[in-house]
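The residues making up each chain are set out below.
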Amino acid sequence: KSHGASGISGVDADDLRRLLISGNLGGKAGELRNAVAELTKKLCRDFVDPASLAGFLSLRLLPLAKGAGDVRPIGIGETLRRLTGKAVMSCLKDEITAACGGLQVCAGLEGGCEAAIHAMREIFDDENTEAVLLVDATNAFNAGNRRVGLENISVLCPAFYVYLVNTYRTPARIYVPSWRKELWSEEGTTQGDPCAMGMYALMVIPMIRKLRAAVPEITQVWFADDGTGAGSLANLRTWWDQIVGSGPKYGYFAHPSKSLLVVKPHVVEKARGIFSGSGVTIDTQTDPAKAPTDDKKPLEGARHLGAALGTQAFVEAYVKAKVSKWIEELETLSGIAKYEPQAAYAAFIHGFASKWVFLQRALPNIGHLFSPLEETIHRHFLPQLTGRTHNDIERELFELPVRDGGLGIQNPTTTANENHARSVLLTRGLTQKILQQEENLNPEDIRTWKDQKREVVRGNNLKREEAKAQVKKKIAAQQPRNHTTDPPLKRAMEMASDKGVTKWLTVLPIKEHNFDLSKAEFQDGMALRYGWTPSNFPSTCACGKPNSIQHALDCHLGGFVNIRHNELRNVIAALLQEAGFKDVKIFFFFMKGEE
């Protein structure tokens with residue numbers, strides 16, 4: 001399952017995969033797999049000489065712009081190191097999760113981020129909560145105290161300790177090709193290393209426990225370096241001072257200007273007084289360079305772990321801004337669909353449609369805010385994609401998965417509440433742990449959550465079958481049965497649900513594999529899928545009879561029968577030639593009287 005670019009050696013994940021599993025290498029691939037497995041076990045068991053791991057640990061640095069002049073350094077390590085790291089994280093996932101507990105939710109807990117969002121929103125809505133403090137750190141992953149962190153990990157998660165010592169005990173060489181320079185990674189974790197998140201989560205556990213003991217009145221939850229605390233203003237100030245004071249010992253340097261205090265309206269002045277001199281952002285203003293001090297407004301909300309936390313007005317404004325941005329992007333994608341519909345469809349299904357799913361899972365009662373986005377999908381994107389306008393029943397059909405005869409283009413106004421309800425159900429156990437500030441995670445709890453997930457999946461499958469049946473009923477009501485035949489669209493939907501007939505629609509348009517389709521080919525395929533008449537389709541066949549899709553496929557004079565036979569013949573010949581039968585030839589025979 002490994003993927004990604006190459007490190008210093010130039011061997012990327014695809015190259016390593018071929019070396020490990022290619023049948024052309026015979027028994028050598030198996031020997032290599034065993035060698036990699038032995039290497040991984042040795043790194044987890046024995047302390048290896050650091051000098052022998054210099055090449056294994058070397059990195060290629062890719063600096064990514066974070067905005068505001070900040071840079072996120074991504075280390076592209078050797079694929080062999082990434083492979084061993086993924087194997088270790090896969091085997092030790094339960095141990096790392098148990099060591100991190102329920103207050104650090106970034107270390108393998110499914111839905112951990114969503115549980116933190118649900119818990120903090122519930123706490124913020126409580127009348128006893130005056131404010132929520134969102135804490136951010138300066139260059140957190142690269143500033144962690146590696147020596148102290150490893151010592152703490154030896155106690156917190158001994159099974160993980162030896163591997164981390166072997167990979168982080170000594171500075172790693174980092175090459176920056178664009179700068180033609182070499183750097184040394186001496187502190188923190190390497191972003192890009194599969195073990196980096198687990199290591200960093202464990203490194204800050206002692207600090208989290210210390211904060212919990214010092215200010216037990218604060219309800220806190222952490223996702224990596226993003227800390228969130230809720231409670232009274234006085235206790236929040238004490239909690240903040242503890243972070244600033246004890247954080248540097250663990251390599252955690254709180255960034256005051258990036259840390260935000262979301263305050264309820266009736267305690268704004270109190271918050272300004274208590275947090276005076278802390279540097280924490282409490283107020284906003286339209287133009288900080290020109291606006292006077294009196295023009296400052298209290299922070300009504302803030303971005304929290306990819307969602308929004310604050311007043312209802314702020315949350316709705318946040319979602320509307322996101323939707324407006326997605327509409328602009330979708331209009332651009334619709335312009336692409338006008339000329340390259342297959343590429344636009346692949347981009348929508350494999351990337352664009354997932355942009356709003358997390359937001360819907362995290363925030364309640366926002367389905368109505370997605371109406372402009374659905375209008376753009378229905379009135380602009382789909383017509384450009386298929387080359388025709390659609391009625392409401394066809395729109396419901398397109399919401400179904402491709403395997404059920406649809407296109408998988410869901411309606412965001414209807415999925416919002418469903419996604420949120422599903423998220424709340426799946427994360428209910430962990431959310432309660434956060435609300436009650438329980439650090440320990442029992443194996444029984446995790447098993448129960450996994451069972452709940454399986455139940456939710458079964459429920460989703462039942463809902464999908466119900467939606468499919470409902471669409472069929474609506475089609476039958478709109479297009480009555482014609483004597484002995486089903487309505488054309490219903491029949492087309494059933495045929496499109498057959499196994500194997502959707503591969504052309506779900507495949508990526510990779511040109512080198514001849515998977516790319518022209519605009520005419522893609523839209524004609526759509527027309528055949530749903531029983532529509534293709535554009536520019538002649539009304540009369542060359543044989544003189546009225547033309548139709550079925551007639552065009554059956555008529556010998558039209559040539560489609562011969563074309564289908566010839567295509568099958570050519571595929572068989574090509575496969576035989578590829579298999580080594582170079583003397584295979586294609587011969588053309590003509591009947592008497594044919595030209």
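A.B. asks: Any chance you could explain the overall build of the chain here in plain terms?
C.D. replies: Looking only at helices and strands, the chain has 26 helices and twelve strands in total. Across its three principal axes, the chain shows a C-alpha extent of roughly 95 × 60 × 50 Å. Across the 595 residues in the chain, those meeting the buried criterion constitute 42%. For the chain, long-range pairs separated by at least 24 residues make up 66% of all intrachain contacts whose partners lie at least 6 apart in sequence. As displayed, the chain has an accessible area near 31600 Å², and 55% of this comes from carbon and sulfur atoms. Side chains of the chain give 73 positive and 68 negative charges; the mean places of these two sets differ by 3 Å.

A.B. asks: Whenever I open this one, the pattern of salt bridges confuses me. Can you help?
C.D. replies: When their charged atoms lie close together, side chains carrying opposite charge are able to pair. Evaluated as defined, the whole model comprises 28 salt bridges. Here E130 makes a salt bridge to K270, at a shortest N to O gap of 3.0 Å. Of this pair, E130 sits in the loop between α6 (112–125) and β3 (131–135) while K270 sits in helix α13 (residues 268–274), placing them 140 residues apart in sequence. For K270, a relative accessible area of 42% puts it in the partly exposed group. A salt bridge links E438 to K433, with the shortest nitrogen-to-oxygen separation between them at 3.1 Å. Judged by relative accessible area, which is 31%, E438 ranks as partly exposed. Salt bridges here are not isolated pairs; linked through shared partners, they connect D404, R464, E465 and K468.

A.B. asks: How should I be thinking about the sheet that holds β3 in this particular structure?
C.D. replies: To summarise the sheet geometry, strands pair through backbone hydrogen bonds and adopt either a parallel or an antiparallel arrangement. Here we have four strands laid out as an open sheet, ordered β6-β7-β3-β8, and antiparallel in their pairing. In this open sheet, the two edge strands, each paired with only one partner strand, are β6 (219–223) and β8 (260–263). With strand direction ignored, the average angle separating the axes of adjacent strands in the sheet is 15°. Across five bridges, the pairing between β6 and strand β7 (residues 226–231) is antiparallel. In the sheet register, Q220 faces β7, and the bridge partner there is G229. Helix α12 (residues 233–246) rests against β3, β6, β7 and β8 of the sheet, and its axis sits at about 15° to β3.

A.B. asks: How do you make sense of helix α21 (residues 443–478) when you look at a structure like this?
C.D. replies: Its 36 residues give α21 an end-to-end C-alpha distance of 53 Å, which sits within 8% of 52 Å, the value for a rise of 1.5 Å per residue. Residues of α21 that are buried include every one of D445, I446, W449, V456, R464, K468, V471 and I475, and no others. Tucked inside the fold, the buried residues of α21 contact α5 (93–100), α18 (392–399), α19 (412–426), α20 (428–435) and α22 (488–496).

A.B. asks: Can you walk me through the packing of aromatic side chains in this structure?
C.D. replies: For any pair of aromatic rings, geometry is given as the distance between the ring centres together with the angle between the planes. Enumeration over the complete set of coordinates arrives at 15 aromatic pairs. With 6.2 Å between their ring centres and 55° between their planes, W222 and W239 make a pair best called tilted. With a gap of 17 residues between them, W222 in strand β6 and W239 in helix α12 connect regions that are remote in the sequence. W239 shares its class with W222; the two are buried. Measuring from ring centre to ring centre gives 5.8 Å for W326 and W356, while their planes differ by 55°; the resulting arrangement is tilted. Residue W326 is found in helix α14 (residues 312–337), and its partner W356 is found in the loop between α15 (341–350) and α16 (357–362); the two are separated by 30 residues along the sequence. For W326, a relative accessible area of 6% corresponds to the buried category. With a relative accessible area of 4%, W356 lands in the buried category. Within the aromatic cluster, the residues linked to one another by ring pairs are W326, F348, F352, W356, F370 and F381. The ring of Y168 carries R81 above its face, with NZ or CZ at 5.5 Å from the centroid. Positioned above the aromatic ring of W532, the side-chain terminus of R388 is 4.2 Å from the ring centre.

A.B. asks: Where do I start with a negative patch on the surface in this structure?
C.D. replies: Residues E122, D125, D126 and E127 make up a contiguous surface patch of negative charge. When you line up the elements, E127 lands in the loop between α6 and β3. In this structure E127 comes out as exposed when scored by relative accessible area, which is 72%.

What counts and what doesn't
Residues numbered from 1 in each chain as written. Predicted model: local features only at pLDDT ≥ 70, side-chain atom pairs only at ≥ 80, totals over all residues. Heavy atoms only, no water. Helix = DSSP H or I, 4+ residues; strand = E, 2+ residues; numbered from the N terminus. Buried < 20%, exposed > 50% of the residue type's maximum accessible area, 1.4 Å probe, protein only. Contact = heavy atoms within 4.5 Å. Areas by Shrake-Rupley, 256 points an atom, 1.4 Å probe, with all protein chains shown as cover. Lys, Arg positive; Asp, Glu negative; His and termini not counted. Charge placed at Lys NZ, Arg CZ, Asp CG, Glu CD. Salt bridge = Lys/Arg side-chain N within 4 Å of Asp/Glu carboxyl O. Pairing = 2+ DSSP bridges. Axes fitted to C-alpha atoms, helices over the stretch in contact; angles between N-to-C directions. Expected span 1.5 Å × (residues − 1). Phe/Tyr/Trp six-rings, centres within 6.5 Å; stacked < 30°, edge-to-face > 60°. Lys NZ or Arg CZ within 6 Å of the ring centre and 35° of its normal. Patch = residues over 30% accessible without salt bridge, like charges linked within 9 Å, V, L, I, M, F, W, Y side chains within 5 Å.

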